Amino acid sequence: MPDTPYRNKQDEWMTPEPIAELCYRLLGAKSGQMVINPFDKAESTFVKVANNMGLNSIYGITDYLETDGYEYDLLATNPPYSIKDKVIQKVLEYGKPAALIMPADALGGKRRHELYQEFGYPSIYVPIARIAYSNGYGERIKSGVSFQSLIYLYNTGTSEVIWEQSKEVKNA
């Protein structure tokens, strides 16, 4: 992932390809659409999956939070947790459909609820199992993660909880 002034090493969690694919499916991505992956580099799973699906990906961005001029149809990323509130606010302000992978505890918080009251509540996809992330070097995190991640869907026109019905998405 690109170095940014707001990145720290503990924010480096690489998303498995099946989960990135799921994010794009949940957003209804169609070949030819422009997708922005603001915290990703060319080697990231979000960029690779976007390319495999025929999406046009913008990635390697270091000023997403400070710039308003990006033109895109969809956003999909696993944002740095340390700046989640800023990312959520920016996504809501842009108003474009977006999928963010964040821990379940990102649901709460006074600032997030203020944003949701202003812009609308997200839909939430709840996977059956914890996502099997890898570190920034492509190695699966040996001990697993101690938290449940959810896929937050913003600006989609709905606010619902979507429960994964079967283990159709393999995280490993």
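Scroll up to find the structure.
One structure accompanies this document, and this report is about it. The numbering scheme is per chain: residues are counted from 1 as the chain's sequence reads. Owing to the predicted nature of the model, reporting of local features is limited to residues with pLDDT of at least 70; listing and counting of side-chain atom pairs is limited to 80 or more, with chain, interface and lining totals taken over all residues. To get the side-chain values, all heavy atoms of the structure are used, and hydrogens and water are removed first.

### Side note on the overall build of the chain
Inference 1: We count a stretch as a helix when DSSP gives it H or I for four or more residues in a row; a strand needs E for two or more, and each element gets its number in order from the N terminus. When helices and strands are counted, the chain shows four helices and seven strands.
Inference 2: Put simply, the chain runs from its N terminus to its C terminus through helices and strands in the order α-β-α-β-β-α-β-α-β-β-β.
Inference 3: Think of it in three bands: residues with accessible area under 20% of the maximum for their type are buried, residues over 50% are exposed, and the middle band is partly exposed, with areas taken using a 1.4 Å probe on protein chains only. Classification of the 172 residues of the chain by burial places 47% in the buried group.
Inference 4: By definition, residues are in contact when any of their heavy atoms lie within 4.5 Å. The contacts of the chain with a sequence gap of at least 6 include a subset with a gap of at least 24, amounting to 70%.

### Some thoughts on the side chain of Thr15
Inference 1: Mapped onto the secondary structure, Thr15 falls in the segment before helix H1 (17-26).
Inference 2: A distance of 3.1 Å separates the side chain of Thr15 from the side chain of Asn78, its partner in a polar contact.
Inference 3: Apart from residues lying up to four places away in sequence, Thr15 is in contact with Ala20, Thr45, Phe46, Asn78, Ile101 and Tyr133. Polar contacts, as counted here, are pairs of nitrogen or oxygen atoms within 3.5 Å of one another; within protein the pair requires one atom able to donate a hydrogen and one able to accept it, and residues that are adjacent in sequence qualify only if both atoms are side-chain atoms.

### Regarding the nonpolar core
Soluble globular proteins tend to pack their nonpolar side chains together in the buried interior.
Inference 1: Joining through side-chain atoms within 4.5 Å is the link that ties buried Ala, Val, Leu, Ile, Met, Phe, Trp, Tyr and Cys residues into a set, and such a set is a nonpolar core. Grouped together as the largest cluster of nonpolar side chains are 25 residues, with contacts concentrated most on Tyr64, Leu75, Ile88, Val91, Leu100 and Tyr154.
Inference 2: The leading source of residues in this core is helix H3 (residues 84-94), at five residues.
Inference 3: Grouped together as the second largest cluster of nonpolar side chains are 21 residues, Cys23, Leu27, Ala99 and Ile101 included.

### Section: the packing of aromatic side chains
Inference 1: Only Phe, Tyr and Trp rings are paired, with Trp represented by its six-membered ring, and only when their centres lie within 6.5 Å; those with planes under 30 degrees apart are stacked, over 60 edge-to-face, the remainder tilted. Tallying each qualifying case throughout the model produces eight aromatic pairs.
Inference 2: Consider the rings of Tyr24 and Phe46, whose centres lie 6.2 Å apart with planes at 80°: the pair is edge-to-face. Pair noted here: Tyr24 is in helix H1 and Phe46 is in helix H2 (residues 45-52), with a separation of 22 residues, a long-range link. Like Tyr24, the residue Phe46 is buried in the burial classification.
Inference 3: An angle of 10° between the planes, with centres 6.4 Å apart, marks the rings of Tyr152 and Tyr154 as stacked. For the pair shown, Tyr152 and Tyr154 are each scored as buried.
Inference 4: Connected via pairs of aromatic rings, a cluster forms that spans Phe39, Tyr64, Tyr70, Tyr72 and Tyr94.
Inference 5: By the criterion adopted, a ring carries a charge over it if an Arg CZ or a Lys NZ lies within 6 Å of its centre and within 35 degrees of its normal. Sitting over the ring of Tyr81, Lys84 keeps its end group 4.0 Å from the ring centre.

### A few points about the pattern of salt bridges
Inference 1: For this analysis, a salt bridge means a side-chain nitrogen from Lys or Arg found within 4 Å of a carboxyl oxygen belonging to Asp or Glu. Across all of its chains, the model carries three salt bridges by this definition.
Inference 2: A salt bridge links Asp85 to Arg112; the shortest N-O distance between them is 2.5 Å. With Asp85 in helix H3 and Arg112 in helix H4 (residues 110-119), the pair connects residues that are 27 residues apart, well separated along the chain.
Inference 3: Given the relative accessible area of 9%, Arg112 is considered buried.
Inference 4: The salt bridge partner of Arg111 is Glu114, with a shortest N-O separation of 3.4 Å. Taken together, the residues Arg111 and Glu114, both in helix H4 and three residues apart, mark about one turn of the helix.
Inference 5: A relative accessible area of 33% means that Arg111 is categorised as partly exposed.

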